[in-house]
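# Architecture at a glance
Read off the chains here:
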Amino acid sequence: MTAALTKSTAHSIVEASPRAKMVAGGLVILYAVITILPLVWIVATAFKSQSDAIAYPPKVIFEPTLEGFVNLFTVRTRQTPDFIAKLPPPETWYDKLVRQRDMVIAGPSKVVPRFVNSLIIGFGSTFLAVFLGTLAAYAFSRFRIPLANDLLFFILSTRMMPPVAVAIPIYLMYRQLNLTDTRLGMILLYTAVNVSLAVWLLKGFIDEIPREYEEAALVDGYTRLQALRKVVLPQAVTGIAATAIFCLIFSWNEYAFAVLLTSGEAQTMPPFIPFIIGEGGQDWPAVAAATTLFVVPIVLFTVLLRKHLLRGITFGAVRK
Amino acid sequence: MTTILQPDDATFPGMSEPAKSRTARPVRGLSDRTIAWLFVAPTIALLLAINIFPLLWMIRLSFTSLNLSMSYLPLRFVGLDNFTDILTDEDVWFRLQTTAQFVIWSVALQVIIGYGLALLINRQFRGHSFWTTIILLPMMLSPAVVGNFWTLLLQPQIGPFNYVISLFTGVPPSSFSMTGQVSLAPWTIVLVDTWMWAPYVMLICLAGLRSIPDYIYEAAEVDRASAWRQFWSITLPMTVPFLMLAVLFRAIENFKMFDMVNLLTSGGPGSTTELVSITLKRAAFEKWRTGYSSALAIILFVTVFGAANIYVKALNKVKQR
């Protein structure tokens, strides 16, 4: 009894036994391996040749090739072997790779502009949402605002609407304003969606910074804005960074608005990837290559965000 | 300190008179009231422009027979016709039913798997942090991209999924199609959604488990409560608020589900996986029945708003802990 109450043994009571830990570890690792297999398969498909990718039965062992990536970035035309034989020798490795399939590169594909759109729209909307969100969150955190809770609920509720339903009036409005299929239109729309998350998350982060710091600065003769810039913002920088990454991931991944409101000019990657078409249907190695390139930043961000993930996905409701 | 948000106090930052503060503390620069207004206003203005104005416009349109493919026709107001059409349409009710079944099954599975994983991870075996991050990856991906690449995995002949199933059950791999068969497709969307979102429930439940102080278990141990008893009397009750939060979030998100299912099955085969968001998209962006689809969108809004209210209440409850 008394031994159980001393600190060291009291801890061991709650901690699982080595055997229980091993069983738990085994089950979790099993689940993790199963859950990651689909992703591994897609990354593997990115390095398969067209025929290996649609082999029947599916191939686990294959000869890796960069064909998928070449196909993703280029538009090709099929030529007769005679025609190809008459051409000057291929200048680059990808020319060579394409000619082995009796094709010639006709030009670059649309993937780079789409990728650039994703970047511009993602970073643009993230910057705006975090900027607006920081200001609003600071005000909600530090000042008495009438109906603050109602306003906060209003801000959150805009995120509760089904995207397809939101897209109907936005489509009509953008048509009038000539914003359909423009980057500006998409940036504004994603900013509006992200700002609700930014306000809620940042309010949580700013709430955690003791007021005393600012008050001391105010007593020292700082203005509110100076105190915000020199005292609060440096303290909130981790929170702001985490919020920015969450906004970026949303804009990066968003599909419903993108597919309904853009068709070319401002199209981002998610609506583009499923329509990478080769001869006779989807060009799976190219689709998988695009998916791989598209997913890599997300994986990095997930690792970076690990500590703040919980807050982000619950709008700041659960903190650790 | 009086109320802060007064429109007449909203002066331009450059033009405002400094030091004319009505706060208790003497502070130089803009008054707190002005700052508060200036800081909140842009966000509210943006949301009014992008969310509320279009919403009001849509409410107006829901009383019209506007069809964008015939927009040369004059705008005709039809009163509540669109709403009565929708609410008496058996097809719409059927889509709502499909959606409800999808929400219930996917959320239930995610809760079971997510909670189970959280309990296991909470045992803090070596390397648990690394494996947790691996498990979390699916939920960070773009649902559209997920829906798209699962179509490859689930292809009866060239996809690996059917072969794995065949390995365990002996059913020939090309004898069934997960996305093409009426009996399997509804389960396919549940399966992929669960693959993607069980980690979400896990993460929230894990936070719940870690919020339980050790001394409660120590006391239970002293009282010789069995592990089973400890789970039912301590672990479960203390994690219920977290579980509720996860369920509400997932239920709302899945009620709105569009992207993943649109790419995985696009509502098919037939309309077996046609969730209500897909119906809405077809009415609005394929048949261009703007008046009708506006009314349907409003009905969905109201439903989600009801759920959102419950959700915010639960959220506050968890926050109080």
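Residue numbering note: each chain is counted from 1, following its sequence as written. Ligands are numbered from 1 and chains lettered from A, in the order in which they are written. This being a predicted model, a pLDDT of at least 70 is required before a residue's local features are given, and a value of 80 or more before pairs of side-chain atoms are given or counted; all residues contribute to the totals for chains, interfaces and linings.

## Notes on the overall build of chain A
The helix and strand inventory of chain A stands at 17 helices and 2 strands. Only C-alpha atoms enter the radius of gyration, while the globule expectation follows 2.2 Å times N to the 0.38, with N the number of residues. The C-alpha radius of gyration of chain A comes to 26 Å, more than 25% above the 20 Å expected for a compact globule of 320 residues. Working definition of burial: number of other C-beta atoms within 10 Å of the residue's own, with buried at 20 or more, exposed at 12 or fewer, and partly exposed in between, all C-beta atoms being placed from the backbone. Relative to its full complement of 320 residues, chain A shows a buried share of 47%. Considering only contacts in chain A between residues 6 or more positions apart, those separated by 24 or more positions represent 74%. Only DSSP runs of H or I with at least four residues qualify as helices, and only runs of E with at least two residues qualify as strands; both kinds are numbered from the N terminus onward. By the convention adopted here, residues make contact when the C-beta atoms placed from their backbones lie within 7 Å.

## Side note on the interface of chain A and chain B
At the junction of the two partners, chain A supplies 87 residues and chain B supplies 89 residues. Looking at the side of chain A that touches chain B, the element that brings in the most residues is helix α3 (residues 18-46) of chain A, giving 17 residues. Grouping the constituent residues of the side of chain A that touches chain B by class yields 69 nonpolar, 13 polar and 5 charged. Each residue gets one label: Ala, Val, Leu, Ile, Met, Phe, Trp, Tyr, Cys and Pro are nonpolar, Asp, Glu, Lys and Arg are charged, and the others, such as Gly, are polar.

## Observations regarding the UniProt feature "transmembrane region" (unreviewed entry) in chain A
Residue and element names in this part refer to chain A. UniProt positions are given in the numbering used here, feature names are shortened, and annotations may be inferred rather than shown by experiment. Feature annotation in UniProt places "transmembrane region" (unreviewed entry) on residues 22-44, 119-139, 151-172, 184-202, 231-252 and 284-305, given in this structure's numbering. Span residues 184-202 is 100% helix and 0% strand, its end C-alpha atoms 25 Å apart. Structurally, residues 284-305 comprises 100% helix and 0% strand, and the distance from its first C-alpha atom to its last is 31 Å.

## Overview of the UniProt feature "domain: ABC transmembrane type-1" (unreviewed entry) in chain A
UniProt annotation of "domain: ABC transmembrane type-1" (unreviewed entry) refers to residues 115-305 of chain A when read in the numbering used here. For residues 115-305 of chain A, helix accounts for 78% and strand for 0%, while the C-alpha atoms at its two ends are 23 Å apart.

## Remarks on unusual backbone geometry
Residue Y56(A) is joined to P57(A) through a cis peptide bond whose omega torsion reads 0 degrees. Take P57(A): it is sitting in the loop between α4 (50-53) and α5 (67-73). With an omega of -5 degrees, the peptide bond running from G268(B) to P269(B) counts as cis. For P269(B), the location among the structural elements is in the loop between α10 (259-264) and α11 (276-285). The backbone of N178(A) shows a phi angle near 60 degrees, a positive value even though the residue is not glycine. With respect to the secondary-structure elements, N178(A) resides in the loop between α10 (163-177) and α11 (183-207).

## Considerations on the nonpolar core
Nonpolar core, as used here: buried Ala, Val, Leu, Ile, Met, Phe, Trp, Tyr and Cys residues forming one set through C-beta atoms within 7 Å. In this structure, A139(A) and I204(B) are the most contacted members of the largest nonpolar core, which totals 174 residues. If sequence neighbours within four positions are ignored, A139(A) has contacts with I145(A), I35(B), A36(B), F39(B) and V40(B).

## Brief notes about the pairing of strand β1 (residues 74-78) of chain A
All names here are of chain A. The element β1 is largely exposed, with a buried count of 0 among its 5 residues. DSSP-based pairing: two strands are paired if at least 2 bridges between them are found. One ladder, built from 5 bridges, connects β1 with strand β2 (residues 103-108); its direction is antiparallel. Bridge assignment links R76 to a residue of β2, and that residue is I105.

## So, the environment of W200(A)
Residue and element names in this part refer to chain A. Relative to the elements of secondary structure, W200 occurs in helix α11. Separated by 67 residues in sequence, W200 and G133 place their C-alpha atoms 8.2 Å apart. Dropping the residues within four chain positions of it, W200 is found in contact with L156, F315 and G316.

## Notes on the packing of helix α16 (residues 284-305) of chain A against helix α4 (residues 128-140) of chain B
To get an axis, fit a line to the C-alpha atoms, keeping to the stretch in contact for a helix; angles then go from 0 to 180 degrees between the N-to-C directions. At a closest axis distance of 10 Å, the pairing of α16(A) and α4(B) adopts a crossing angle of 125 degrees. By the angle between their directions, the pair α16(A) and α4(B) is classed as oblique. The chirality of how α16(A) crosses α4(B) is right-handed. Counting all contacts with α16(A), which are made through I298(A), V299(A), T302(A) and V303(A), the residues of α4(B) involved are T133(B), L136(B), L137(B) and M140(B). A breakdown of the residues in the contact of α16(A) with α4(B) according to their chemical character gives 6 nonpolar, 2 polar and no charged. Each angle gets one of four labels, with under 35 degrees taken as roughly parallel, over 145 as roughly antiparallel, 65 to 115 as roughly perpendicular, and the rest as oblique. Crossings are classed by handedness, with left-handed meaning an anticlockwise turn of the near helix from the far one by less than a right angle and right-handed meaning a clockwise turn.

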